[in-house]
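Examining the three-dimensional arrangement
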Amino acid sequence: MRTYTSKEELKAEINKTFEKYITEFDDIPESLKDKRIDEVDRTPAENLAYQVGWTTLVLKWEEDEKNGLQVKTPSDHFKWNQLGELYQWFTDTYAHLSLKALKAKLKENIHAIYAMIDALSEEELFHPHMRKWADEATKTAVWEVYKFIHVNTVAPFGTFRTKIRKWKKIVL
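Okay, so let's go over this structure. (Residues numbered from 1 in each chain as written. Predicted model: local features only at pLDDT ≥ 70, side-chain atom pairs only at ≥ 80, totals over all residues. Heavy atoms only, no water.)

Considerations on the overall build of the chain
Where we set the bar: Numbering of helices and strands runs from the N terminus, with a helix taken as a DSSP run of H or I at least four residues long and a strand as a DSSP run of E at least two residues long. Exposure categories follow from relative accessible area, calculated using a 1.4 Å probe and restricted to protein chains: below 20% of the type maximum is buried, above 50% is exposed, and the middle band is partly exposed. In this description, contact between two residues means that some pair of their heavy atoms is separated by no more than 4.5 Å.
Along the backbone of the chain there are eight helices and zero strands. Along its sequence from the N terminus, the chain presents helices and strands in the succession α-α-α-α-α-α-α-α. With respect to the principal axes defined by its C-alpha atoms, the chain has extents near 45 × 35 × 25 Å. Counting every position in the chain, which comprises 172 residues, the buried fraction comes to 47%. Within the chain, contacts between residues at least 6 apart in sequence are counted, and of these 73% link residues at least 24 apart.

Remarks on the layout of surface pockets
Threshold: Here the term cavity refers to a set of points on a 1 Å grid, laid over the protein atoms alone, in which a 1.4 Å probe fits but cannot get out; the term pocket refers to an open set having protein on both sides within 12 Å along at least five of seven lines, with lining residues being those that place an atom within 4 Å of a point. Grid points are joined across faces, edges and corners, and a volume is the space filled by probe spheres set on the points. Following the grouping adopted for this structure description, the nonpolar residues are Ala, Val, Leu, Ile, Met, Phe, Trp, Tyr, Cys and Pro, the charged ones are Asp, Glu, Lys and Arg, and the polar ones are all others, Gly among them.
When its volume is computed, the largest pocket comes out at roughly 180 Å³. If you trace the largest pocket, you find it lined by Tyr50, Trp54, Trp61, Trp80, Leu83, Tyr87, Thr138, Trp143, Phe148, Val151, Asn152 and Pro156. Looking at the lining of the largest pocket, the elements that each hand over two or more residues are helix H2 (44-66), helix H3 (83-94) and helix H7 (145-151). At three residues, the largest contribution of residues to the lining of the largest pocket is made by H2. Its residues assigned to classes, the lining of the largest pocket shows ten nonpolar, two polar and no charged.

Considering the side chain of Thr43
Note on placement: Thr43 falls in the loop between helix H1 (7-23) and H2. What makes Thr43 buried here is its relative accessible area of 2%.

Some thoughts on the pattern of salt bridges
In a structure, side chains of opposite charge can pair up when their charged atoms sit close to one another. Quick reminder of the rule: The salt bridge definition used is simple: a Lys or Arg side-chain nitrogen within 4 Å of an Asp or Glu carboxyl oxygen.
Applying the stated criterion across every chain yields a total of 21 salt bridges. Arg165 is the salt-bridge partner of Glu24, the closest N and O atoms lying 2.7 Å from each other. You can see Glu24 sitting in the loop between H1 and H2 and its partner Arg165 sitting in helix H8 (residues 154-171), a full 141 residues away along the chain. Judged by its relative accessible area of 44%, Arg165 is partly exposed. Ionic pairing is found between Asp26 and Lys103, a salt bridge with its closest N-O pair at 2.5 Å. Note that Asp26 is positioned in the loop between H1 and H2 and Lys103 in helix H4 (residues 99-119), a separation of 77 residues in sequence.

Quick look at the packing of H2 against H3
Worth spelling out the cut-off: Inter-axis angles, ranging from 0 to 180 degrees, are taken between N-to-C directions of lines fitted to C-alpha atoms, where helices are fitted over the stretch in contact. Each angle is binned into one of four classes, with values under 35 degrees roughly parallel, values over 145 roughly antiparallel, values of 65 to 115 roughly perpendicular, and all other values oblique.
At a closest axis distance of 8 Å, the pairing of H2 and H3 adopts a crossing angle of 110 degrees. Accordingly, the angle class assigned to the pair H2 and H3 is roughly perpendicular. Residues Glu46, Ala49, Tyr50, Val52, Gly53, Trp54, Thr56 and Leu57 of H2 touch H3, and the partners they reach there are Leu83, Leu86, Tyr87, Phe90, Thr91 and Tyr94. Taken together, the residues of the contact of H2 with H3 break down into ten nonpolar, three polar and one charged.

Examining H8
Rule in force here: What a helix should span is 1.5 Å times the count of its residues minus one. Along the arc lie the directions from the helix axis toward the C-beta atoms.
End to end, H8 covers 26 Å across 18 residues, agreeing with the expected 26 Å (1.5 Å per residue, within 8%). Where H8 is concerned, the buried positions are Val154, Pro156, Phe157, Phe160, Ile164, Trp167 and Lys168. An end-on view of H8 places all buried positions within 130 degrees of arc, on one side of the element. Opposite the packed face of H8, turned more than 90 degrees from it, sit the exposed residues Thr162 and Lys169. Buried residues belonging to H8 abut H1, H2, H4 and H7.

Things to note about the nonpolar core
Note the threshold: Buried Ala, Val, Leu, Ile, Met, Phe, Trp, Tyr and Cys residues form a nonpolar core when they are joined through side-chain atoms within 4.5 Å.
Residues Ile14, Leu106, Leu125 and Ile149 are the most contacted members of the largest nonpolar core, which totals 49 residues. Of all the secondary-structure elements, those providing two or more residues to this core are H1, H2, H3, H4, helix H5 (122-126), helix H6 (132-137), H7 and H8. The biggest single contributor to this core is H2, with ten residues. Not counting the four nearest positions on each side in its chain, Ile149 is found in contact with Leu10, Ile14, Val58, Ile113, Met116, Ile117, Leu125 and Val154.

The following block contains the structure:
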């Protein structure tokens with residue numbers, strides 16, 4: 001996993017990977033948003049729903065902790081050994097939206113993540129044990145907040161961009 005030395009560097013990497021990812025959906029017709037093919041495990045709508053789901057959770061974890069609430073990761077209704085069910089919940093909750101609405105929601109979440117990064121001190125972002133939710137999310141590993149941001153933005157934007165490009169090559 002990549003390490004970052006500043007907030008600006010982290011935001012720049014999120015922005016770079018997000019822009020490459022999100023523009024892949026520009027030429028997909030709305031009528032094909034739910035088109036399933038054997039070669040790719042998610043439809044375009046499911047692909048975006050997954051990203052909206054995870055970025056929403058990261059924002060919720062931070063907001064809940066700031067509000068003094070007990071944070072349950074990955075979510076209030078699912079445990080880490082129930083990720084398949086969580087992904088289905090993302091699909092059920094978000095994939096019915098239009099591609100335009102999904103893209104707008106994801107863009108909104110990314111801007112909220114930028115604001116979250118700006119609101120955190122360098123220490124809170126880059127040092128371990130600065131957020132209870134981050135400590136409790138991993139049983140043995142020690143993860144700084146930036147790592148949770150990275151694995152829910154930069155990393156999947158690259159992986160899922162490859163998936164949507166493969167989908168487009170076959171379908172369009």
